[in-house]
Structures are given as C-alpha cells and as structure tokens.
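An overview of the molecular structure
Listed below, chain by chain, are the residues.
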Amino acid sequence: MPELPPHAPAEPPASATGAEVWAALGRAGRLARAYRGGGVRDGVDPDGLADLLAAIDARWSVPATLSASVQLATALPVLATGGGAVVERCLHRTLTGRATLALAATDTTAGTDLTALRTEVTVEENAVTVTGRKEWITNTTTAESFLVLARHRPGRHFAHFTWILVPADTPGVTVRPAPGGLYAGAGAGHVSFDGVRLDRSHVVGRVGLGLPVFARHIAVERLAGALWGVALCRRVLADTRHRLTHRAHGEGTLWSLGHVRQRFAACLVRVQELRALADRWAPDVAQRHDLPAAAALK
Ligand SMILES: Cc1cc2nc3c(=O)[nH]c(=O)nc-3n(C[C@H](O)[C@H](O)[C@H](O)COP(=O)(O)OP(=O)(O)OC[C@H]3O[C@@H](n4cnc5c(N)ncnc54)[C@H](O)[C@@H]3O)c2cc1C
C-alpha cells in the first residue's frame, strides 16, 4: 500500500468523505507534495501526484479520490493563475486542508460543448455580477468557494470567457446535491448563481483568458486520470490475484488454471501499457501542458 507520511494525524476511516480526507491530508502537509517544489505555481510533480492519488485510492473511496484529484490537478492550478489577496487566501486555505474548492466549468448545456455555456459575468470597473447555473460539479456541497467559468460576452469566441472566484456563502449562491447519491462522498451537486455580486478582486487571471487557461489545465486533469487509473487497476488486480490464489478449485485454486492466468496476464499488460504511456508523457503534460499527449492518456 502506498505510504502516507509518518507525521500524518489520525487517519479518517475508509468511509470518510472527500472533504474529510482532503482536510486530513492538508493538516498533515501532504497536499503540497503534488507540486514541484511544493508550490502550486511551479506545476504538478507527476511522481508526487501519482503517489498521492495511489495513497488515497488505496485507503478511501472512489468519490474521495475524485474530490482530491479535481482539486489537485485542475482547481488549484487554475486558481494559481490569478493573484491578489482573495486568490492567495483561497490558495492557502485549500492547500492546507482548511477549505475545499470546486471547479465549476460544466454548465446547464452539454459539458462537451463548453463554449455554449450560459453562465454570465458582468464585469464593471470595481465589481462583477455572476448569474447562471453549473451542474454535476465535484465538491459542490462542501466547497468554501467555487471557481466559476463564465462568459463576459455573447458568442463562442475563445476570448469571451473569464474565471471568477465565488465564495459559497455569498448571497445568491444556492447549492443542491446531485441526484442519485452515487457521488455524494465527492460532494457532487448543482450550484446556481442568482445575481451574485462581488468586488473585482474575485476575477481570477485576466478577463478573457478563461478558456485558454482551462484548455492548458484540463491536460493535467487527464494526466491525473491516467495516474489514478494505473493505481486503481493495480489495486484491483492485486485483490483479484489474491482472491484467485485463495479460491479452491478442484485439487488446487482458480490460479492453477492456465486460461485464468492468461486472462489475468492480459489485464496486467494493458495496465503496464497505460503506465508506460503515463511515464512517457507525464513531464510534457505537467510542464508544457501538451494537449495531444494528454488526449492520448485520456
Ligand atoms: C461524477 C461527476 C463529477 C463531475 N465533476 C465536475 C467538476 O468538478 N467540474 C466540472 O466542471 N464538471 C464536472 N462534471 C461534468 C463533466 O465535466 C461532464 O459530465 C462532461 O463534460 C460531459 O458532459 P455531459 O455530461 O453534459 O455530456 P454531453 O456533453 O451531453 O455528452 C454525452 C455523450 O454524447 C457524446 N457527444 C456529445 N456531443 C457529441 C457530438 N457532437 N457527436 C458525437 N457524440 C457526441 C459525448 O462524447 C458523450 O459520450 C462531473 C460529472 C460527473 C458525472
């Protein structure tokens, strides 16, 4: 099992929610390990990120790992493209586990058609107003803040979108859990913004750079998905092998059957292939946001 640091405080139980796991890892100073030199602005460290995702996957649920993965690979790095006291405070609180941050890009329109999104932001000299709704957002029910991708102009041009940091307790923000409960442990839900008014310091990065920043950082989300995929498949294969070697069959166990071992070996090779791809492309994706490499990993 991948190791947590010796100074980790009491570990949350296996049933812990994503927010509880995030808080515990933050308190233990463990989250910064996902970044080169420990700083979000230096970009992710693929080895540190892989170790962290594998450690979370080994101990806690898939929703808990999803909650951490979105924050580590995308939400925090996108937030770090901004500056100023509001952004710095949120970065610090999130990275130390005091707060949870949601990345709210997917809108009421099809998620695969991002430039059709309808959430709007009106940018004035000293204030912004956000109106719209985001659906199926991880960490919605636990977030202290939402990093919202909104349009400041109509149309699909790539320069018409901007990131806004919206504190969850601002008047006009309404949060609902997603139906079904399958991802409740990841805080999955829908959030609406009804004329939410904030001062201009809540704009993250430059007005109009929302979509290019999203495109760069979604590449890292794909790398995180591949690293998590390797960890998850290796864990499941180890469990499967243990079960096969202990399940009686005839004079031996299921593991003594050649065709069972053959199928197991085929699965092992596929996981090793994914691992080799991740090893090959991780530095390019992490440091240069290489989009074709990220697409190959996805
Ligand atoms: C558990 C969970 C957590 C999530 N967390 C977040 C989060 O933290 N932040 C966030 O912003 N979003 C989040 N999402 C939303 C996610 O990004 C979207 O679900 C995803 O982008 C797909 O969008 P969609 O569900 O609207 O599917 P659609 O865009 O409606 O697509 C449905 C299917 O149709 C296919 N399709 C679409 N258009 C075409 C076409 N023109 N031709 C052929 N096929 C097509 C797609 O490939 C897909 O298979 C989450 C979703 C889930 C389920």
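Computed from a predicted structure; not experimentally measured. (Residues numbered from 1 in each chain as written. Predicted model: local features only at pLDDT ≥ 70, side-chain atom pairs only at ≥ 80, totals over all residues. Heavy atoms only, no water.)

With that settled, the discussion passes to the site of the ligand. Every residue lining the ligand is accounted for by Val70, Leu103, Ala105, Thr106, Ala110, Gly111, Thr112, Trp136, Ile137, Thr138 and Tyr183. At 2.8 Å, a backbone N or O of Trp136 approaches a nitrogen atom of the ligand. Between the ligand and Thr138, the relevant distance is 2.8 Å, taken from a nitrogen atom to a side-chain nitrogen or oxygen of the residue. Relative to its free-state accessible area of 980 Å², the ligand is covered by the protein chains to the extent of 42%. For the shell around the ligand, the per-class residue count stands at 7 nonpolar, 4 polar and no charged. (Near = heavy atom within 4 Å. Polar contact = N/O pair within 3.5 Å; in protein donor to acceptor, adjacent residues only side chain to side chain. Areas by Shrake-Rupley, 256 points an atom, 1.4 Å probe, with all protein chains shown as cover. Nonpolar A, V, L, I, M, F, W, Y, C, P; charged D, E, K, R; others polar.)

The next point concerns helix H6 (residues 258–288). Given a rise of 1.5 Å per residue, 31 residues ought to cover 45 Å, and the 45 Å separating the end C-alpha atoms of H6 matches this to within 8%. Along H6, the sharpest change in direction is near 50 degrees and occurs at Trp281; proline Pro283 comes one to four residues later. When H6 is considered as a whole, its buried residues turn out to be Val260, Phe264, Val271, Ala278, Ala282, Asp284, Val285 and Ala286. Buried residues in H6 make contact with helix H2 (46–59), helix H5 (210–246) and helix H7 (291–297). Positive phi appears at His289, one or two residues downstream of H6, with a value of about 50 degrees. (Helix = DSSP H or I, 4+ residues; strand = E, 2+ residues; numbered from the N terminus. Expected span 1.5 Å × (residues − 1). Bend = angle between axes of the 7 residues up to and from the residue. Buried < 20%, exposed > 50% of the residue type's maximum accessible area, 1.4 Å probe, protein only. Contact = heavy atoms within 4.5 Å.)

Now for the domain arrangement of the protein chain. In terms of domain boundaries, the protein chain breaks down into domain 1 (18–95), domain 2 (101–209) and domain 3 (212–297). Computed over C-alpha atoms only, the centres of domain 1 and domain 3 are separated by 22 Å. Both sides of the domain 1 and domain 3 interface together cover about 1500 Å² of buried area, and 77% of this is carbon and sulfur. Among the residues of domain 1 in contact with domain 3, Pro46, Asp57 and Thr74 are the three that bury the most area, contributing 30% of the side total. Here Arg235 makes a salt bridge to Asp57, at a shortest N to O gap of 2.7 Å. Looking at the side of domain 1 that touches domain 3, the elements with two or more residues in it are H2 and helix H3 (62–79). Among the elements that take part in the side of domain 1 that touches domain 3, H3 stands out by supplying 8 residues, more than any other. Looking at the side of domain 1 that touches domain 3 residue by residue, the classes come out as 12 nonpolar, 4 polar and 2 charged. (Domains from an automatic or database assignment. Buried area = accessible area lost by both parts, 1.4 Å probe. Salt bridge = Lys/Arg side-chain N within 4 Å of Asp/Glu carboxyl O.)

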